[in-house]
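Structure at a glance
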Amino acid sequence: MTAVAERTQVPTAPGLPVRFRWAASDTLTITRRNLMVWMRVPAYLVFTVIQPVMFVLMFRYVFGGAIPVNVPGGYVNFLMPGIIGQTAAFATFGTAIALAMELKKGVIDRLRSMPMARSAVLAGRLVADTGRMLVTILIIIGVGYAVGFRFTNGFAAAVGMVVLAIVFGVAVCCISAYTGLAIGDEESVQAFGMIWLFPITFLSSAFVPIATMPGWLQAFANNQPVTYVIDTMRALALGGPVEANLWKSVAWLAGIFIVFLPLAVRAYRRAS
């Protein structure tokens, strides 16, 4: 109400600093609204965490003994950067489904009719999902430490790995936001997410060395963004050459933002 009253008292078009302050305030309001789901439905957080924890335990204790890797600390150290990257990507299911549900229920139409920044709905969703993603990743790292994973390249590199995972997750969030608004049906959005997210994460270096794959599949696995991101995260966590894969990761992530962020904004403007 204060922000609305303040806006009605401005007799002329506000300047850029004022509009930026209003947009930031509106974004924080929408972020708070989205995060309220966690406090009111704690089972949502539990179910968000259960899947990656199951992946950690299954790959660590069921498949780990059958997958030889040349990594200090054994398979669990090879596995965890892949699980963390996959967790960041899979956390974006919530972005697409939530936007599709709000679009279908008319919530987005009501928000767009209010005197608020047009960017706040998408920005607030991305900020909230980034926070949810960070909490989930930290929990998964804790589970990883419980089953034998260790960072061996120092604290700063470990923080860098988490930051890269978050940036990767936010990039995938932009894709999910676009698909959620463009498709507009939560069941269809969930099915579509399974179709493209599962292959691109499993056909990468996340869980097995690419050299163990058939030759025709190695060509794809070696040259896709998930592999570059996971290899960079693994090098940051365990030590090893970082620069080449880091620049390729940055290029891919920048490309995703450049393509899908405008598409998400356009889908939001056209959504009804």
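Each remark here, short or long, concerns the structure printed above.
Summary of the structure given here.

Criteria and thresholds
Residues numbered from 1 in each chain as written. Predicted model: local features only at pLDDT ≥ 70, side-chain atom pairs only at ≥ 80, totals over all residues. Heavy atoms only, no water. 1 Å grid on protein atoms, 1.4 Å probe; cavity = no way out; pocket = protein on both sides within 12 Å on 5 of 7 lines; lining within 4 Å. Points joined across faces, edges and corners; volume = space filled by probe spheres on them. Helix = DSSP H or I, 4+ residues; strand = E, 2+ residues; numbered from the N terminus. Expected span 1.5 Å × (residues − 1). Buried < 20%, exposed > 50% of the residue type's maximum accessible area, 1.4 Å probe, protein only. Polar contact = N/O pair within 3.5 Å; in protein donor to acceptor, adjacent residues only side chain to side chain. Salt bridge = Lys/Arg side-chain N within 4 Å of Asp/Glu carboxyl O. Contact = heavy atoms within 4.5 Å. Phe/Tyr/Trp six-rings, centres within 6.5 Å; stacked < 30°, edge-to-face > 60°. Lys NZ or Arg CZ within 6 Å of the ring centre and 35° of its normal.

**What to know about empty space enclosed by the protein**
- Counted by the stated rule, this structure contains one cavity of 30 Å³ or more.
- Of the pockets and cavities examined, the largest cavity occupies roughly 50 Å³.
- If you trace the largest cavity, you find it lined by Thr92, Phe93, Ala96, Ser176, Thr179, Val189, Phe192, Gly193, Trp196 and Leu197.
- Sorting the residues of the lining of the largest cavity by element identifies helix H5 (93-105), helix H8 (155-183) and helix H9 (186-202) as the ones contributing at least two each.

**Some words on helix H11 (residues 225-238)**
- In this model, H11 (14 residues) spans 20 Å end to end at C-alpha, consistent with the 20 Å of a helix rising 1.5 Å per residue.
- The buried fraction of H11 amounts to 13 of the 14 residues, a majority that puts the element mostly inside the structure.
- Measuring from the backbone nitrogen of Val226 back to the side-chain oxygen at the start of H11 gives 3.0 Å, which picks out Gln224 as the cap.
- Looking one or two residues beyond H11, the residue adopting positive phi is Gly239, at roughly 100°.

**Quick look at the pattern of salt bridges**
- Tallied over the entire structure, the rule returns five salt bridges.
- Between Arg125 and Asp129 there is a salt bridge, with the nearest N and O atoms lying 3.8 Å from each other. Residue Arg125 and its partner Asp129 are both found in helix H7 (residues 120-146); the two are separated by four residues, about one turn of the helix.
- Residue classification places Arg125 among the buried positions, given a relative accessible area of 9%.
- Given the relative accessible area of 3%, Asp129 is considered buried.
- With a closest N to O distance of 3.5 Å, Asp231 and Arg234 form a salt bridge. With a gap of three residues between them, Asp231 and Arg234 both fall in helix H11, about one helical turn apart.
- Here the residues in one salt-bridge network are Arg33, Glu102, Arg125, Asp129 and Arg132, joined through shared partners.

**What to know about the side chain of Ser176**
- Within the secondary structure, Ser176 sits in helix H8.
- On the accessibility criterion, Ser176 (5% relative accessible area) is buried.
- With sequence-adjacent residues up to four places away left out, Ser176 is seen in contact with Thr92, Thr95 and Ala96.

**Description of the packing of aromatic side chains**
- Under the criterion given, the structure shown has 12 aromatic pairs.
- Between Phe55 and Phe202, the ring centres sit 6.1 Å apart and the planes meet at 55°, which makes this aromatic pair tilted. Taken as a pair, Phe55 in helix H3 (residues 42-63) and Phe202 in helix H9 lie far apart in primary sequence, 147 residues in all.
- Given the relative accessible area of 10%, Phe55 is considered buried.
- Taking 6.2 Å as the distance between ring centres and 40° as the angle between the ring planes, the aromatic pair formed by Tyr145 and Phe151 counts as tilted.
- Taking the relative accessible area as the measure of exposure, Tyr145 reaches 34% and is therefore partly exposed.
- If you follow Arg234 out to its NZ or CZ, it ends over the ring of Phe78, 3.7 Å from the centre.

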